[in-house]
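So the chains spell out like this:
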Amino acid sequence: MTPRTTFNHELEELSKEITEMANASRTAFEKAVQMITDMDLSQRDEVRRLDRRIYELNEQIDKHCLDLIALHSPVAGDLRLISACLKMVEDLNRFGRYATDIAEIIDDFEGGKTFKRFESLRTMSSLVVGLVDDAVYSFLQRDAEKASHLHERDDAVDALYDSIFREVLTYMMEDPRKITVGIDLILVARYMERVADHACNIGEYAYYMVTGQRMDPSMRTGDVGQPPCGRIYEHPDPRTELDLK
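Residues numbered from 1 in each chain as written. Predicted model: local features only at pLDDT ≥ 70, side-chain atom pairs only at ≥ 80, totals over all residues. Heavy atoms only, no water.

Some thoughts on the packing of helix H4 (residues 119-140) against helix H7 (residues 179-211)
Item 1. Two elements in contact, H4 and H7, have axes whose closest approach is 8 Å; the angle formed by their N-to-C orientations is 20°. Comparing the axis directions of H4 and H7 gives the class roughly parallel. In this structure, H4 meets H7 at a crossing whose hand is left-handed.
Item 2. Its residues placed into classes, the contact of H4 with H7 shows 19 nonpolar, three polar and one charged. (Axes fitted to C-alpha atoms, helices over the stretch in contact; angles between N-to-C directions. Helix = DSSP H or I, 4+ residues; strand = E, 2+ residues; numbered from the N terminus. Parallel < 35°, antiparallel > 145°, perpendicular 65-115°, else oblique. Left-handed = near helix turned anticlockwise from the far one by under 90°. Nonpolar A, V, L, I, M, F, W, Y, C, P; charged D, E, K, R; others polar.)

Right, dumping it as structure tokens:
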């Protein structure tokens with residue numbers, strides 16, 4: 001194979017690795033939140049397994065990206081793609097860490113010590129998962145337009161976090177026995193808010209990768225009411241032309 005053909009094949013393999021890591025990260029986070037909202041402890045071992053796999057993929061992708069830079073000296077769009085992958089895996093890795101942190105605090109919710117079923121967390125989870133879906137898809141499909149419509153939806157997540165914080169604080173003030181569980185609920189909401197921030201980071205990497213320009217804050221608009229996609233990521237078709245922007 002020619003060097004160019006070999007390089008294109010390596011980029012395709014890199015895309016598959018990113019796709020697997022994105023799926024594992026999304027699944028781990030979603031399962032962890034379901035443990036809280038549905039009081040389902042059966043997912044804890046699966047969340048831990050996914051977190052280990054996410055870490056392995058992080059290390060694998062880091063090495064793959066550095067090998068590509070060292071062996072092929074990429075430029076222009078190819079270099080932006082590899083640089084974006086190096087950054088994106090750190091955000092995806094954080095999804096797995098937050099999922100594990102949520103799984104570790106589930107013991108405080110056993111024995112009927114939790115509040116009433118907390119629908120606000122379920123709503124927040126749906127918003128965050130939808131944001132993650134669109135962020136990852138904007139990256140995999142090289143969709144700068146979708147990437148530019150994420151930040152305002154993040155504002156909706158921030159507002160919901162503030163609402164949950166105030167609501168839980170009220171419960172804690174009314175019944176001090178609920179303080180431990182209340183703090184844990186606030187932490188779960190905080191982890192979800194941080195996942196939304198990391199999703200926006202991925203959108204910014206995608207925008208820069210495609211356009212070669214940093215995202216202008218004035219372009220950060222989106223539809224806050226868009227529901228989550230609930231889909232499994234698939235790596236895009238192999239590229240036939242080089243992005244030389």
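Describing the environment of Gln 43
Item 1. Within the secondary structure layout, Gln 43 lies in the loop between helix H1 (3-37) and helix H2 (44-72).
Item 2. C-alpha separation for the pair Gln 43 and Ala 28, spaced 15 residues apart in sequence, amounts to 9.2 Å.
Item 3. Once you skip the residues sitting within four places of it in the chain, Gln 43 turns out to touch Lys 31 and Met 35.
Item 4. Here Lys 31 takes part through its side chain, which lies 3.2 Å from a polar atom of the side chain of Gln 43. (Contact = heavy atoms within 4.5 Å. Polar contact = N/O pair within 3.5 Å; in protein donor to acceptor, adjacent residues only side chain to side chain.)

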